[in-house]
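# Residue-level structural notes
In case you want the letters, here they are:
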Amino acid sequence: MTENLLILFKEKIFNEVLSVAKDISTKFQLKVKVYTQDIPQEELEKISQKRDFDVVSSAEDFETILEKERPFLTLLPRPKVSPIVHAFVKPWSEKLVESTDRWNFLLVEQGMEKIKKVLLYVDRDTSSDNYIRSTYEFLKKWGVDFEFVTVFDERYFELLIKKEHPEQEAKELLGRMFEDYISAVREKIKKVLQLEKVEIIPLKGEVRKTLPYFARVHKYDLLVISHAYEDKNELIENSETSVAVFKN
Amino acid sequence: MGEHHTILELLGLNTPTAKYWISIGLFLATYAMIILEKFFHRVPAALLGGALAIFIGLVTPKEAWESIDHNTMFLLVGMMVIVSVLIESGFFSILSNWALRITKGDPLKILLVFTFLTAFLSAFLDNVTTVLFMVPILLQMLIKLRINPIPYVIATVLASNIGGTATLIGDPPNIIIGSLGHFTFNDFIVNLTPIIIITHIFGTITFVLYMKWRGYLERKITDERELKEIIEGQKAEYDIPLMRKGLIIFGITLLLFFFHHLIGLEPGTVALTMASILLLWTKLNPEKVFERVEWGTLMFFVGLFMVIGTLEVTGVFEDLAHFVAGIVKDALSGILIIGGLSAIISGIVDNIPFTMAMSYVLLDLQQSVHFNVEPLWWALALGACLGGNLTIIGASANVVAAGLVEKEGYKISFFDFIKMGTPVAMVTVFVALFLLWLKYLIFGY
């Protein structure tokens, strides 16, 4: 089976997902298939008329469709909701991404017609060589501006070190741990991608909070993470940008 | 084992009369130290007062310990932990950004929105909980707008004490009155809520006029473009899963507060239990969460409770209450006397022990006088709750707010509070008692 790009819609069509799919499919020469549920026929016809996509209305659940199609990448819409509402109402697309780690997903944030600026998250312990390589190659081929980012979670060490060392010494110790961590991530990327030099954005804090906040404040369009990151679900929930989740 | 003597015994001052006057002296000295905050921090001042009462033998350690109201302490710790988790989740930052957008950064709108919301919430929540919830949002917002938050925080606390008077569960004195006077939730709604709605309007007019006169309602950022940038550029760092857990526990806590009489649990027990469940559920490092708990405020309460407990042990409160009862000739004059005096005394001492002492006096009075004493219970509720606005130590919520403000590098001094609190307390007490008096004059008993 040839690799393709899949779009899943339920109840509503999001044009921004179609735009992003068009952009990726053109760059990668991929065929796009749109699977829908509970969407009126006339809406589906509009997609077929506007885009050169195969549109299928299916009663099968999305997990079965994914299993059958085995896509290279699946695009899903992510409706914009206020964070307080989001705490109690989770979109179906997020639930789908949370439920499996077998496929590459791209959750397209409502209102994001074009993705230009991307953050690629790599950590020292969970990011596999395969994840680093595949995401790097994907973003390069897509032609978007992307930067590596990593986060050092110092909270765990902070209390421990501050208890056992005087303030200045604890500060220096934490500073050294931070430098060591960043350098380890940088070396990992260099080794996997066989690059001589790697620029990386170093952040401090709790990944699931710090990373989405950084992306929001610095107006990134997309955040790329791996399924292996243990707080994947929390990070997706906390993001207000589009999020791509790749196999590790 | 040798026989132990207290310092008062060694000095030959172990008589009830001597203890009575020494307890008053100790109370006044502690109070003076609290007022003279330029020289003394209020926390060690209150703690020293409480510790000295034990040290010289005015009360036993057991009596001092028992005078600390465990319900208030548990409520404070529990709610502070829950609020701390909600702060960590970014919930207050989101609310503050939302409030910024709807008020468009206009100081008067901010004041009105916050005081109205606070008064409304206080009617159904403990005042301390409301203040712990509202003040962090207000502080974050005003700091962004470069506005001095102190008058706004004081206005919010005043609104909280006014709103709390409206229902049985709004303020601890009302819980005591409801319990000892056998009044239901509906009795409070019928007798106090309409009065408090009107009183709140008068209270609002008073602090708005005061703030306008002092120039506190002026914008600090006059450039519309800069203001727009601030309002629209606010990004909150939040954690939705943590917020979900925090809000679920907060919601259950509020629900249990509503029904705590039915299930026989004190609000403090509810708050402490729910806070512990939240800590376990979120797996947050407790030490990090406890960093946001206002330990200074808690220790201040410990000291204050011990000092005031001493007045109770030596019989000062009882005498005070009997004195008040002695000058009450009929229900209508009683409204003004009980209400007015309760307000003044509640502004000086914590209103919880006073309301308790006064409630027992009213129970006695019920048996010995020829008139219906029900109006006096309502006068006590109005006086004790609204009188809490007279000074910074008049109500628990005032002290908690001062602690929250201090964490942001500001300070509410004793006199800062009096300047705004006293006029508002005077107007609201007068309006509320007048309306109560009018109600009984027109409709009879």
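Predicted model, so just to flag it, every value in this text is computed and none were measured.

Residues and elements named next belong to chain B. By secondary structure assignment, the location of lysine 104 is in the loop between helix H6 (91-103) and helix H7 (107-124). Assessed through the 12 C-beta atoms surrounding it within 10 Å, lysine 104 is described here as exposed. Between the C-alpha atoms of lysine 104 and glutamate 88, which are 16 residues apart in sequence, the distance is 25 Å.

To continue, consider the interface of chain B and chain A. Each partner contributes to the interface: chain B provides 12 residues, whereas chain A provides 14 residues. Among the elements that make up the side of chain B that touches chain A, the one with the highest residue count is helix H14 (residues 240-258) of chain B (5 residues). The residue makeup of the side of chain B that touches chain A, split by class, is 6 nonpolar, 1 polar and 5 charged.

Turning next to the pairing of strand E2 (residues 31-37) of chain A. All names here are of chain A. Note: strand E1 (residues 4-10) against E2, 7 bridges, orientation parallel. Looking at E2, one finds that phenylalanine 9 is bridged to threonine 36. The β-α-β motif built from E1, the intervening helix H1 (residues 15-28) and the parallel element E2 has right-handed crossover chirality. Two elements, E2 and strand E3 (residues 54-57), share 4 bridges in a ladder whose sense is parallel. By the bridge assignment, valine 34 is partnered in E3 with valine 55. In this fold, the crossover linking E2 to E3 by way of helix H2 (residues 41-50) has right-handed handedness.

In an α-helix, one turn spans 3.6 residues, which is why side chains three or four residues apart end up on the same side. Residue and element names in this part refer to chain A. Taking 1.5 Å per residue as the helical rise, H1 with its 14 residues ought to reach 20 Å, and the 20 Å between its terminal C-alpha atoms agrees with that figure. Those residues of H1 lying buried are Val17, Leu18, Val20, Ala21, Ile24 and Ser25. End-on, the buried residues of H1 take up no more than an arc of 165°, which puts them together on one face. The first or second residue beyond H1 is glutamine 29, which carries a positive phi of 55°.

Think of interface size as the accessible area that goes away when the parts come together; that is how it is often given. Residue and element names in this part refer to chain A. Taken as a whole, chain A is organised into domain 1 (1-113) and domain 2 (115-248). For domain 1 versus domain 2, the separation of C-alpha centres amounts to 27 Å. Across the boundary between the two partners, domain 1 contributes 16 residues, which contact 17 residues of domain 2. Secondary structure elements with two or more residues in the side of domain 1 that touches domain 2: H1, helix H5 (92-99) and strand E5 (105-109). With 5 residues, the top contributor of residues to the side of domain 1 that touches domain 2 is E5.

This part covers the pairing of strand E10 (residues 242-246) of chain A. All names here are of chain A. For E10, a buried count of 5 out of 5 residues is recorded, marking the element as mostly surrounded by other parts of the structure. On E10, burial covers both faces: Ser242, Ala244 and Phe246 on one face and Val243 and Val245 on the other are all buried. As defined by bridge partners, strand E9 (residues 222-226) adjoins E10 across 5 bridges and the pair is classed as parallel. By the bridge assignment for E10, serine 226 is matched with phenylalanine 246. Handedness of the crossover is the feature at issue here: the chain leaves E9, passes through helix H10 (residues 232-238), returns alongside E10, and the resulting connection is right-handed.

With that out of the way, let us pick up the environment of tyrosine 220 of chain A. Residue and element names in this part refer to chain A. Topologically, tyrosine 220 is positioned in the loop between helix H9 (207-217) and E9. Residues tyrosine 220 and aspartate 145, spaced 75 residues apart in sequence, show a C-alpha to C-alpha distance of 9.8 Å. For tyrosine 220, the contacting residues outside a window of four places in its chain are Lys117, Val118, Leu119, Ala215 and Thr241.

This next bit is on the sheet that holds E5 of chain A. All names here are of chain A. If you walk across this open sheet you meet the 10 strands as E3-E2-E1-E4-E5-E10-E9-E6-E7-E8, and the pairing is mixed. If you trace the sheet from one side to the other, it starts and ends with E3 and strand E8 (200-204), each paired once. Within the sheet, the average angular offset between the axes of one strand and its neighbour, ignoring direction, is 25°. As defined by bridge partners, strand E6 (residues 117-121) adjoins E9 across 3 bridges and the pair is classed as parallel. By the bridge assignment, leucine 120 is partnered in E9 with valine 224. Contacts from H2 reach E2 and E3, with the element oriented near 165° to E3.

Definitions and cut-offs
Residues numbered from 1 in each chain as written. Chains lettered and ligands numbered in written order. Predicted model: local features only at pLDDT ≥ 70, side-chain atom pairs only at ≥ 80, totals over all residues. Helix = DSSP H or I, 4+ residues; strand = E, 2+ residues; numbered from the N terminus. Buried ≥ 20, exposed ≤ 12 C-beta atoms within 10 Å, placed from the backbone. Contact = placed C-beta atoms within 7 Å. Nonpolar A, V, L, I, M, F, W, Y, C, P; charged D, E, K, R; others polar. Pairing = 2+ DSSP bridges. Right-handed = clockwise from strand over helix to strand, strands pointing away. Expected span 1.5 Å × (residues − 1). Arc of directions from axis to C-beta. Domains from an automatic or database assignment. Axes fitted to C-alpha atoms, helices over the stretch in contact; angles between N-to-C directions.

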